[in-house]
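Survey of secondary and tertiary structure
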Amino acid sequence: MEVYLNPDGFKGEVDSFKATTGELASLSVTDTVNANKDTILDSVNELIAIVNLFNECIEQYMALSNKDFAEMESLKEKWVLKDLNLANEIGGN
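Basis of the calculations
Residues numbered from 1 in each chain as written. Predicted model: local features only at pLDDT ≥ 70, side-chain atom pairs only at ≥ 80, totals over all residues. Heavy atoms only, no water. Helix = DSSP H or I, 4+ residues; strand = E, 2+ residues; numbered from the N terminus. Buried < 20%, exposed > 50% of the residue type's maximum accessible area, 1.4 Å probe, protein only. Areas by Shrake-Rupley, 256 points an atom, 1.4 Å probe, with all protein chains shown as cover. Contact = heavy atoms within 4.5 Å. pLDDT = per-residue confidence, 0-100.

Section: the overall build of the chain
Of regular secondary structure, the chain possesses three helices and zero strands. Starting at the N terminus and walking to the C terminus, you meet the elements of the chain as α-α-α. Every one of the 93 residues in the chain was classed for burial, and the buried ones make up 14%. When the accessible surface of the chain is split by element, carbon and sulfur atoms take 58% of a total near 7,400 Å².

Describing the side chain of Lys-76
Within the fold, Lys-76 resides in helix 3 (residues 42-92). Setting aside chain neighbours within four positions, we find Lys-76 in contact with Phe-10 and Lys-11.

Considering the environment of Phe-17
One can find Phe-17 in helix 1 (residues 7-25). With a relative accessible area of 24%, Phe-17 lands in the partly exposed category. Setting aside anything within four residues of it in sequence, one finds Phe-17 in contact with Ser-65, Asp-68, Phe-69 and Met-72.

Structural notes on the confidence of the model for the chain
In the predicted model, the chain carries a mean pLDDT of 78, and 68% of its residues have values of at least 70. Mean pLDDT values over the elements of the chain span from 65, in helix 2 (residues 30-34), up to 86, in helix 3.

Put into structure tokens, the structure is as follows:
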């Protein structure tokens, strides 16, 4: 079985992944949490609890996606090094 990866295409996919997950990191829940200062409604307290849980989920997702991004970068580096070594071996024969 052969696997062919286009280095430029792979870099584009990695960059796209990083940009997409980066947008999630910029979400802010401050305005929603601060809404509780202006009201005493139980529904707002429930909303804040949901928003805080959502924020925790986003933080966990971001940690996982950052790890994925680092792994993709590592894979790309290993793959390029292996290609270089194979090219040198083939060229040396």
